[in-house]
Amino acid sequence: MTTPLSRTRNQDPDLDLSIRRIIRAPTQTIWDAWTTPDQLAQWWIPAPLSLRVDSLELTPGGAFVTRMSDDGTEWHPHVDAVFLVIEEGSRLVFTNAVNSSWHPALPDPVAMTTEIILGDHPDGTDYQAIVRHGSPEQRARHEELGFFGGWGTVTDQLAASVE
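Being a predicted model, the structure only gives us computed values, none of them experimental.

A. Focus on the pairing of strand β7 (residues 124–132). Most of β7 is tucked away, with nine of its nine residues classed as buried. Two strands pair when backbone bridges link them, and strand β1 (residues 16–23) and β7 are joined in this way by eight bridges, in the antiparallel orientation. Paired with arginine 21 across the bridge in β7 is tyrosine 127. Remark: two residues form the turn of the hairpin made by strand β6 (residues 113–121) and β7, two consecutive strands paired antiparallel.

B. Examining the pattern of salt bridges more closely. Tallied over the full model, the rule gives ten salt bridges. The residue aspartate 16 makes a salt bridge to arginine 132 at a minimum N-O spacing of 3.0 Å. Of this pair, aspartate 16 sits in strand β1 while arginine 132 sits in strand β7, and the two are 116 residues apart along the sequence. Both residues of the pair, aspartate 16 and arginine 132, count as buried.

C. The nonpolar core, seen in detail. Grouped together as the largest cluster of nonpolar side chains are 33 residues, with contacts concentrated most on Ile30, Trp34, Trp44, Phe64, Ile116, Tyr127 and Leu158. The leading source of residues in this core is helix α4 (residues 147–162), at six residues. With residues near it in sequence (within four places) discarded, leucine 158 still touches Ile23, Ile30, Ala33, Trp34, Trp43 and Tyr127.

D. Spatial organisation of the layout of surface pockets. In this model, the largest pocket occupies a volume close to 740 Å³. Taken together, 26 residues form the lining of the largest pocket, with His78, Val79, Pro109, Met112 and His142 sitting closest to its centre. The residue inventory of the lining of the largest pocket, partitioned by class, reads 17 nonpolar, seven polar and two charged.

E. Structural view of the side chain of serine 69. Note on placement: serine 69 falls in strand β3 (residues 63–69). Of note is the side chain of serine 69, whose polar atom sits 3.1 Å from the side chain of aspartate 71.

F. Molecular detail of the sheet that holds strand β5 (residues 91–95). Ordered in space as β1-β7-β6-β5-β4-β3-β2, the seven strands form an open sheet in which the pairing is antiparallel. At either margin of the open sheet sits one strand with a lone partner, and together these are β1 and β2 (50–56). Across this sheet, the average inter-strand angle for adjacent strands is 20°, counted without regard to direction.

About the cut-offs
Residues numbered from 1 in each chain as written. Predicted model: local features only at pLDDT ≥ 70, side-chain atom pairs only at ≥ 80, totals over all residues. Heavy atoms only, no water. Buried < 20%, exposed > 50% of the residue type's maximum accessible area, 1.4 Å probe, protein only. Helix = DSSP H or I, 4+ residues; strand = E, 2+ residues; numbered from the N terminus. Pairing = 2+ DSSP bridges. Salt bridge = Lys/Arg side-chain N within 4 Å of Asp/Glu carboxyl O. Core = buried A, V, L, I, M, F, W, Y, C linked by side-chain atoms within 4.5 Å. Contact = heavy atoms within 4.5 Å. 1 Å grid on protein atoms, 1.4 Å probe; cavity = no way out; pocket = protein on both sides within 12 Å on 5 of 7 lines; lining within 4 Å. Points joined across faces, edges and corners; volume = space filled by probe spheres on them. Nonpolar A, V, L, I, M, F, W, Y, C, P; charged D, E, K, R; others polar. Polar contact = N/O pair within 3.5 Å; in protein donor to acceptor, adjacent residues only side chain to side chain. Axes fitted to C-alpha atoms, helices over the stretch in contact; angles between N-to-C directions.

Structure follows, in C-alpha cells:
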C-alpha cells in the first residue's frame, strides 16, 4: 500500500522551483551519485568550489551535512539538513528547515525542502529536483539568488559525471 509520504506531491508554482532533465545514464548510477559521499562531492556544488560531505545518513531523520571551500583548506557551511524520505533508487527528500541535530533552523539564504525524483526513461533517467519554499517571498528570493543557474550547473555536473 502506498502512503501519502511515498507519493510525489503536486508542485505549487507560487512556492516551488524545479529542474527537470533526461540524463543519459541508468537510474541506479544517478542514485549512487547522490548517495555515495565521494561521488556527491564531485558534482554537488558549482565548480570551481570544492565540496566535503560530513554526514550522509540515508534514513528518515538522518543527517545530511556538507561544507564548501574556495581553496580546499578553509571550509564553510553549505547544507545542514535532515532526510525526510528515502525511497531506495528513486526518491530522496531532505530539508534544511531542521538541522542535523534536529533543531529548527533559519538557514541562510532560504529554508527549503528538496525532493529528488528519479524515473526510468528510454534514454536513461528522468531526473527532477523540486525545491519547495514556505512563502512566495522565499521562492522569489531563491530564484533571484540564482536558483536556475546554480541548480542547473550542478545538474549539468551530475550528468557529466555519470554519462
